[in-house]
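Tertiary structure, described
Okay, here's what each chain looks like letter by letter:
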Amino acid sequence: MLFYRSPASAGTSGPSLATIRTLVTVSLLAYPAGALTRALHAGGTGGLRLFEIAGLGLILVSLLTAAPVVGSYFQKIVGDKAGQLDEFELKLRQRALSSAYGAFTVLTLVAVIYAAIASDAHLWIPRTYDEFNGLFWGVFLYASLLPTAFLVWSPASASELADSNTRLVD
Amino acid sequence: MLRAERGWSQADLGAELGVSRQAINAIETGKHDPSLPLAFRIARLFSMQIEDVFLEAQP
């Protein structure tokens, strides 16, 4: 979405719909799992140190699975300039962005409610620079990939993108 | 099929019309209804009337 630049190959080849579905799902699940694992076990020693390393590993997995998605045709649909898309792609983009906006709003509301009760209930909230940094990049990742997730998981969009002529569908 | 009769690929037709190959595929499979300007461009490309290219869906 932000800072997207269409590669020359976007739309002609690239990962299949099924592959992008897997990659985007793993990326969106692995990042918060890794960030929370790190945050909840920060500053530990011995066994707790392993949790920190595991958290970093999950974040690495998230970034590695996000990389192929960013250059894909599906990310072009949700992220490229409107002038670079045709009417069919704009229709798919509008549907994906609309759904993602609703989901992002719900996630934001849940986060705000959690933050409001966390300190009273002695729950974890971000305090250090490292934790806020992790939160920022998590929000950035979700803002970038959530529309793509809705595009590839929406039955209507997936059906319209289904194509026996290329590798869009396995 | 008009496109196949001319030996064009979906990518060829998409390039002629200025749309993606995926858009051509979606139109051919009935999953996307083209806008009126695009429908006119398609008809003009095949030197036909719109109603000869597209069939109205029956209720």
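Before reading on, note that the structure itself is shown above.
Attention here is on the structure that accompanies the text. Every value quoted in this text rests on a predicted model; they were computed, and no experiment measured them. (Residues numbered from 1 in each chain as written. Chains lettered and ligands numbered in written order. Predicted model: local features only at pLDDT ≥ 70, side-chain atom pairs only at ≥ 80, totals over all residues. Heavy atoms only, no water.)

Points about the overall build of chain A
Helix and strand content of chain A: six helices and zero strands. When the helices and strands of chain A are read in sequence order from the N terminus, they spell out α-α-α-α-α-α. Looking at chain A as a whole, 36% of its 170 residues qualify as buried. Considering only contacts in chain A between residues 6 or more positions apart, those separated by 24 or more positions represent 73%. (Helix = DSSP H or I, 4+ residues; strand = E, 2+ residues; numbered from the N terminus. Buried < 20%, exposed > 50% of the residue type's maximum accessible area, 1.4 Å probe, protein only. Contact = heavy atoms within 4.5 Å.)

Topic: unusual backbone geometry
Phi at A:His122 is positive, roughly 60°, even though this residue is not glycine. Among the residues examined, A:His122 registers a relative accessible area of 75% and is labelled exposed. Non-glycine residue B:Ser47 carries a positive phi angle of around 55°. Within the secondary structure, B:Ser47 sits in the loop between α4 (36-45) and α5 (50-53). The exposure class assigned to B:Ser47 is exposed, which follows from its relative accessible area of 67%.

Some points on the environment of A:Ser99
Tracing the chain through its elements places A:Ser99 in helix α4 (residues 87-118). Each C-alpha atom of the pair A:Ser99 and A:Ala149 lies 9.9 Å from the other, and the pair is 50 residues apart in sequence.

Looking at the nonpolar core
Ranked by size, the top nonpolar core spans 36 residues in total, and within it A:Val24, A:Leu28, A:Phe74, A:Leu145, A:Leu151, A:Leu161 and B:Leu17 carry the most contacts. Tallying contributions element by element places helix α5 (residues 129-153) of chain A first for this core, with seven residues. Those residues in contact with A:Leu145 that lie beyond four places of it in its chain are A:Val24, A:Ser27, A:Leu28, A:Ala66, A:Val69 and A:Gln75. (Core = buried A, V, L, I, M, F, W, Y, C linked by side-chain atoms within 4.5 Å.)

Looking at the packing of aromatic side chains
Residues and elements named next belong to chain A. Inspection of every chain in the model, using the stated rule, returns four aromatic pairs over all chains. With centroids separated by 4.9 Å and ring planes inclined at 80°, the aromatic side chains of Phe136 and Trp137 adopt a geometry described as edge-to-face. We classify Phe136 as partly exposed; its relative accessible area is 48%. Centroid distance Trp137 to Phe140: 5.5 Å. Interplanar angle 75°. Geometry classified as edge-to-face. (Phe/Tyr/Trp six-rings, centres within 6.5 Å; stacked < 30°, edge-to-face > 60°.)

Overview of the packing of helix α1 (residues 17-40) of chain A against α5(A)
Residues and elements named next belong to chain A. Put simply, α1 and α5 touch, their axes get as near as 10 Å, and they point 160° apart. Taken together, the axis directions place α1 and α5 in an arrangement best described as roughly antiparallel. Note that α1 runs across α5; the crossing there is left-handed. (Axes fitted to C-alpha atoms, helices over the stretch in contact; angles between N-to-C directions. Parallel < 35°, antiparallel > 145°, perpendicular 65-115°, else oblique. Left-handed = near helix turned anticlockwise from the far one by under 90°.)

Regarding the interface of chain B and chain A
On the side of chain A, 14 residues touch chain B, which itself brings 14 residues to the contact. The interface formed by chain B and chain A contains zero salt bridges. Applying the counting criterion to the chain B and chain A interface returns six residue pairs in polar contact (both at pLDDT 80 or more). When residues of the side of chain B that touches chain A are assigned to their parent elements, the largest contribution, five residues, is made by helix α3 (residues 21-28) of chain B. Broken down by class, the residue content of the side of chain B that touches chain A amounts to five nonpolar, six polar and three charged. (Salt bridge = Lys/Arg side-chain N within 4 Å of Asp/Glu carboxyl O. Polar contact = N/O pair within 3.5 Å; in protein donor to acceptor, adjacent residues only side chain to side chain. Nonpolar A, V, L, I, M, F, W, Y, C, P; charged D, E, K, R; others polar.)

As for the pattern of salt bridges
Where side chains of opposite charge bring their charged atoms close, a pairing between them can arise. Residue and element names in this part refer to chain A. Under the definition given, this model contains seven salt bridges over all chains. Here Asp80 and Lys76 are joined by a salt bridge, their closest N and O atoms 3.5 Å apart. In this pair, the class of Asp80 matches that of Lys76, namely buried. Here Arg95 and Glu160 are joined by a salt bridge, their closest N and O atoms 3.1 Å apart. Separated by 65 residues along the polypeptide, Arg95 in helix α4 and Glu160 in helix α6 (residues 155-161) bring together distant segments of the chain. According to the relative accessible area criterion, Arg95 is partly exposed, its value standing at 26%. By sharing partners, the salt bridges in this structure join Arg38, Arg49, Glu52 and Asp130 into a single network.

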